[in-house]
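Each chain, letter by letter, is given below.
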Amino acid sequence: MEHLKALIRDVPDFPMQGILFRDVTPLLRDPRGLSQVVDILAERYRGERIDAVAGIESRGFLFGAPLAVALGVGFVPIRKVGKLPADKISREYALEYGTNTLEMHRDAVRPGERVVLVDDLLATGGTARAAAELLEAQGAKVVETAFVIELAFLNGRAALEGRPVHALLEY
């Protein structure tokens, strides 16, 4: 895991003053690191009867889609408002510096499907909770929420109460 942690870049004062942004783009650029993240997650979920992997826009797509391929299942994009063309459902959520809305196609999952929800980073948990609520509103079971990075000091796990959380790296 030290190899992975060394590939995370700290960017102070982004997207606003006082925020220390944990940037995964150096990890994405490193083929060994990216492959290691996907391999670790795929190994964790093999044999868990996963039906789909859902990824939260946008960096959740970068880890979730290759994980879905590795598991041999489909990928469900959960997007920011206004990006999906078909019938959709939405949830508003709070960020540490504002609010936003996520949407998912109404037919993206079926009742009873077992889904792993993936994003790059768990901060306050609002984004992941909204995404999980979208999946659950359509009857899917969120088997686990998986993150490359967890900012433990922000206690985002509390927002995901009742849902298992897995993070590869913790700050």
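Only a predicted model underlies this, so the values are computations on that prediction, with no experimental measurement involved.

Details of the side chain of threonine 127
Turning to its location among the elements, threonine 127 is positioned in helix H5 (residues 126–137). Owing to a relative accessible area of 18%, threonine 127 belongs among the buried residues under this scheme. In contact with threonine 127, not counting residues within four places along its chain, are Ile56, Tyr93, Leu95, Leu102 and Asp119.

So, the packing of helix H3 (residues 31–45) against helix H4 (residues 59–71)
One way to put it is that H3 packs onto H4 with a least axis distance of 9 Å and a crossing angle of 55°. Taken as axis vectors, H3 and H4 run oblique relative to one another. In the packing of H3 onto H4, the handedness of the crossing is right-handed. Across from Leu34, Val37, Val38, Leu41, Ala42 and Tyr45 in H3, the residues of H4 making contact are Leu62, Phe63, Pro66, Leu67, Ala70 and Leu71. Grouping the constituent residues of the contact of H3 with H4 by class yields twelve nonpolar, no polar and no charged.

Some words on the sheet that holds strand S6 (residues 98–105)
Sheet architecture is open: seven strands sit in the order S5-S6-S4-S3-S7-S8-S9, paired in mixed fashion. Among the strands making up the open sheet, the edge pair consists of strand S5 (88–95) and strand S9 (165–170). If you compare each strand with its neighbour and ignore which way they point, the axes differ by 25° on average. As defined by bridge partners, strand S3 (residues 52–56) adjoins strand S4 (residues 74–80) across five bridges and the pair is classed as parallel. Bridge pairing in S4 places alanine 52 opposite glycine 74. Packing against the sheet, H3 makes contact with strand S7 (114–122), strand S8 (141–150) and S9, and its axis sits at approximately 155° to S9. Lying over the sheet, H5 contacts S3, S4, S5, S6, S7 and S8, oriented at roughly 160° with respect to S5.

Quick word on the nonpolar core
Grouped together as the largest cluster of nonpolar side chains are 26 residues, with contacts concentrated most on Leu27, Val37, Tyr45, Leu67 and Leu71. In this structure tyrosine 45 touches Ile50, Leu67, Leu71, Val116, Glu144, Ala146 and His166, once residues within four positions along its chain are discounted. Met104, Ala128, Leu134 and Leu135 belong to the second-largest nonpolar core, a separate cluster that totals 24 residues.

Analysis parameters
- Every chain's residues receive numbers from 1 upward, in the order its sequence appears when written.
- The predicted origin of the model limits local features to residues at a pLDDT of at least 70 and limits the giving and counting of side-chain atom pairs to 80 or more, whereas totals for whole chains, interfaces and linings rest on all residues.
- Excluding hydrogens and water, the side-chain figures rest on all heavy atoms present in the structure.
- Numbering of helices and strands runs from the N terminus, with a helix taken as a DSSP run of H or I at least four residues long and a strand as a DSSP run of E at least two residues long.
- Exposure classes here rest on a 1.4 Å probe applied to the protein chains alone. A residue is buried below 20% of its type maximum, exposed above 50%, and partly exposed in between.
- Contacts are residue-level and defined by heavy atoms, with any inter-residue pair within 4.5 Å sufficient.
- Fitted lines through C-alpha atoms give the axes, limited to the stretch in contact for helices. The angle between two N-to-C directions lies from 0 to 180 degrees.
- Oblique is the label for every angle not falling under 35 degrees (roughly parallel), over 145 degrees (roughly antiparallel), or within 65 to 115 degrees (roughly perpendicular).
- By definition, any crossing whose near helix is turned counterclockwise from its far helix by less than a right angle is left-handed, and any crossing with a clockwise turn is right-handed.
- Only Asp, Glu, Lys and Arg are considered charged in this grouping, and only Ala, Val, Leu, Ile, Met, Phe, Trp, Tyr, Cys and Pro are considered nonpolar; every other residue, Gly among them, is considered polar.
- DSSP calls a pair of strands paired once it identifies at least 2 bridges connecting them.
- By convention a nonpolar core is built from buried Ala, Val, Leu, Ile, Met, Phe, Trp, Tyr and Cys residues, the set being connected through side-chain atoms within 4.5 Å.

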